[in-house]
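Fold and contact review
What follows is each chain in one-letter form.
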Amino acid sequence: MPSESEPRMLYTAPQQDKEGSETLEGSNFAKDSNLSSHPHEFPEGGLAAWMTTFGAFLIQLCGFGYTNSFGVYQDFYTQHYLTNETSSAISWIGSLNTFLVTAVGLISGSLYDRGYFYHLVIAGSLLQSFSLFMLSLSKPDQYYQIFLAQGVGMGIALGLMYVPSLAVVSHYFRRRRTLAMTFVASGSSLGAVIHPIMLNNLLNGRLGFGNGVRASAGFVSVLLLIACLCMRTRLDPPMTSVNYIVAAKKCIRDAPFIFAIAGGFFFQTGLYYPLFFIQLDSIRHGLSVTFSFYSLVILNVSNCVARVTSGFIAAFTGVPNLIIVATISGGVLILGMIGLNSLASVVVLGVMYGYCAGLYIAMVGPLVATLTPDLSELGARMSICFFLGGFGGLIGTPISGALLTSNYTWWIPAVFSGAASMTGGMMYMIMRFIFVRRQVNQGKA
């Protein structure tokens, strides 16, 4: 889920916008004063700007908002639709979906730099709608059909749309960019609240799986159509783009950045365990089915609050310190899921873990920016960090599912996921130590 955090801030050379005025879009601090002296270069509002922002918001709602609702499918598949498959096998569907967002993002980001925004967003929207309708045609115990439609198809679709939908907002905002990006990022959190409520009532209600997924697909398709109609680019494609190979070679020699990647990998190994399993865990512990359906909603509402408030907290604590607290606390709370056996425990763990996870997701992007000495490479560094860290999310929940076994031995995957997350927190602590020492040495020099 780090890819949900702050968007890529791509460096571009001076270029002409579509109305002929020269525009500098990028993150080079050396040119900040020049940019600020020409505020007219960024509209900072207006109908086109906010319509584009609203379209990006809808894509996040239908994208990561839907992906973060996989816990509903995990529960339904395990108990009703894929009863012949293990929890580990079912988890691969959701984890591959999440991983492909960051993996395909490497390609879509590069294509976006070359001016293929509309192609990417339209193709991604069509593929997501098609994949959801194909998912509705999947038959019970036909694992490969669901894996291809939901794991592969939807993962590629979201990967095509994610980076372009975030990056295009920067065409219209510079001074108010944080406000616009916060609004866009809240789309995924709102989607993670809406979709679980809808899916639980559709899949477990009168409509059943096929018609329920088709209803969900129709809802998502309408929102994606509105998003495509709303979003417009303003600037021409950059004349030059960052060389990812050169940026990757520099990253290898950057110790704090390497530990940040390691921290992301380990923390994401445990990050998705509560998101995928809290609903099933609640039901298996004999809690009310109706309440259990809202356990994931409780977690995601807290996640949303954390994203909104994270910027205010980071202003006092600093980004590295906040991400250390979030990851260590998150690991401890995952270990606390061993004791999940009552309504109160689900509420407390859901609220607290959702908040810690939201802080982490919100801070990954700013952390990479903090560790990047040359901000013209920020987009490339974010892509590399998200891609490599995403492997933790890819393998984490399938391993947890295998440790869970068909006997539902809940403490083993909780220990594994909690230990992995706390290891990630320790990597971030080492990262901070090296980074601060380097800053002190540079100050003395």
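Calculation rules
Residues numbered from 1 in each chain as written. Predicted model: local features only at pLDDT ≥ 70, side-chain atom pairs only at ≥ 80, totals over all residues. Heavy atoms only, no water. 1 Å grid on protein atoms, 1.4 Å probe; cavity = no way out; pocket = protein on both sides within 12 Å on 5 of 7 lines; lining within 4 Å. Points joined across faces, edges and corners; volume = space filled by probe spheres on them. Helix = DSSP H or I, 4+ residues; strand = E, 2+ residues; numbered from the N terminus. Nonpolar A, V, L, I, M, F, W, Y, C, P; charged D, E, K, R; others polar. Phe/Tyr/Trp six-rings, centres within 6.5 Å; stacked < 30°, edge-to-face > 60°. Buried < 20%, exposed > 50% of the residue type's maximum accessible area, 1.4 Å probe, protein only.

Another aspect to go through is empty space enclosed by the protein. Scanning all chains against the criterion turns up eight cavities of 30 Å³ or more. In this structure, the second largest cavity encloses a volume near 80 Å³. Around the second largest cavity, the lining is made up of twelve residues, and of these Ala260, Val364, Val368, Cys385 and Tyr428 lie nearest the centre. Counting residues per element, the lining of the second largest cavity draws most heavily on helix α15 (residues 343-371), at five residues. Grouping the constituent residues of the lining of the second largest cavity by class yields ten nonpolar, two polar and no charged.

This part is about the packing of aromatic side chains. Overall, the coordinates contain 22 aromatic pairs when judged by the stated rule. Between Tyr272 and Phe276, the aromatic rings sit 6.0 Å apart at their centres with planes inclined by 50°, giving tilted as the arrangement. Highlighted residues: Tyr272 and Phe276, both in helix α11 (residues 255-284), separated by four residues, approximately one helical turn. Of the two residues, Tyr272 and Phe276, both sit in the buried class. With 5.3 Å between their ring centres and 75° between their planes, Phe387 and Phe391 make a pair best called edge-to-face.

Attention now moves to unusual backbone geometry. Backbone geometry at Thr405 places phi at a positive 60°, although glycine is not the residue there. Examined against the element boundaries, Thr405 turns out to sit in the loop between α16 (378-404) and α17 (411-444). Overall, Thr405 belongs to the partly exposed group, its relative accessible area being 35%. The phi torsion at Tyr408 lies on the positive side, around 55°, for a residue other than glycine. Turning to its location among the elements, Tyr408 is positioned in the loop between α16 and α17.

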